[in-house]
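# Notes for the structure review
Next come the chains, spelled out residue by residue.
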Amino acid sequence: MSEGVEFDTVVDGKETKVKLLVENLDIERKCDTEYHIAYTQLMKRGILPKATLEKQMEKLDIWTSEDEEKLTGIQRQLVDLQIKLEASNTHEEGLVVAQSMGVLRADCLKLIEAKAAVLSNSCEALADSIRRDAYIAYATVYADTDKKVFRDYHDFILRATEPVVLSAREQILAIATESFQESLTSLPEINYVRSVEAQIREEGDEATATMTKKKTTKKKKKSASKKATKKTTKKATRRTTK
């Protein structure tokens, strides 16, 4: 059986388990074909390619060369700060750098999102969305047999409102969201802060263990001292009695 992501859905009115296959060369080739067909059709409809749209954005003052320079400048600062972070000699020094990186990273993401919002209407972006649908069309199979759910991309389009399509899109969105979250949590400044927190916890645990050990030793000594005192008292009492 081929590898992929399994999920429950409804196909032809029946509850069934399907699977999104891992993209292989055959699926990639078919998806790329749909991308190029879509790109050509979009161009004929007057949708602008990314390069042309960027020029229009500049003319309309939506995304200027100054904005691009600002974004590039922030990205360079992040690289410089990462080098500084790796060279930090103390936690205090490193945490200050990590905090600065976090602020810059947020500014960087805002600029990227602003640019991407406009470029989402480019030929490339719209053709990419069609390629994602083509992936569903060619990669969705029945989990138990690996038989294709859709005959081809045309069949997928005709059945685009069926539950299996909606479920597959939800799976792709979940995978993309998880991947994005992982990319955020693996950022150098996040990793640094986590490593410092882990070290502080480890040092705290060691300190607690040491204190507990000292208290236990102290109690044992106290207990031994009490026992010794009792024995001495008993002996003295016996002698006095005699």
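One can find the structure itself at the top, above this paragraph.
Residues numbered from 1 in each chain as written. Predicted model: local features only at pLDDT ≥ 70, side-chain atom pairs only at ≥ 80, totals over all residues. Heavy atoms only, no water.

Tracing the sequence through the fold places arginine 131 in helix α5 (residues 123-139). Overall, arginine 131 belongs to the buried group, its relative accessible area being 17%. The residues touching arginine 131, leaving out its near neighbours within four places in the chain, are Glu23, Glu28, Cys31, Asp32 and Tyr35. (Helix = DSSP H or I, 4+ residues; strand = E, 2+ residues; numbered from the N terminus. Buried < 20%, exposed > 50% of the residue type's maximum accessible area, 1.4 Å probe, protein only. Contact = heavy atoms within 4.5 Å.)

Glancing now at the pattern of salt bridges. For the structure on display, the rule yields 13 salt bridges. Ionic pairing is found between glutamate 23 and arginine 131, a salt bridge with its closest N-O pair at 3.1 Å. Taken as a pair, glutamate 23 in the loop between β2 (14-21) and α1 (25-44) and arginine 131 in helix α5 lie far apart in primary sequence, 108 residues in all. In this structure, aspartate 26 and arginine 29 form a salt bridge, with 2.8 Å as the shortest nitrogen-oxygen distance. With aspartate 26 and arginine 29 both in helix α1 and 3 residues apart, the pair spans about one turn of that helix. (Salt bridge = Lys/Arg side-chain N within 4 Å of Asp/Glu carboxyl O.)

One open sheet holds the 3 strands; their spatial order is β1-β2-β3, and the pairing between them is antiparallel. Whereas interior strands pair on both sides, the edge strands pair on one side only; in this sheet they are β1 (4-11) and β3 (140-142). Put simply, the sheet's adjacent strands are angled 40° from each other on average, direction ignored. Here β2 runs beside β3; their pairing, made up of 3 bridges, is antiparallel. Across the sheet, the residue bridging to valine 18 is tyrosine 142, located in β3. (Pairing = 2+ DSSP bridges. Axes fitted to C-alpha atoms, helices over the stretch in contact; angles between N-to-C directions.)

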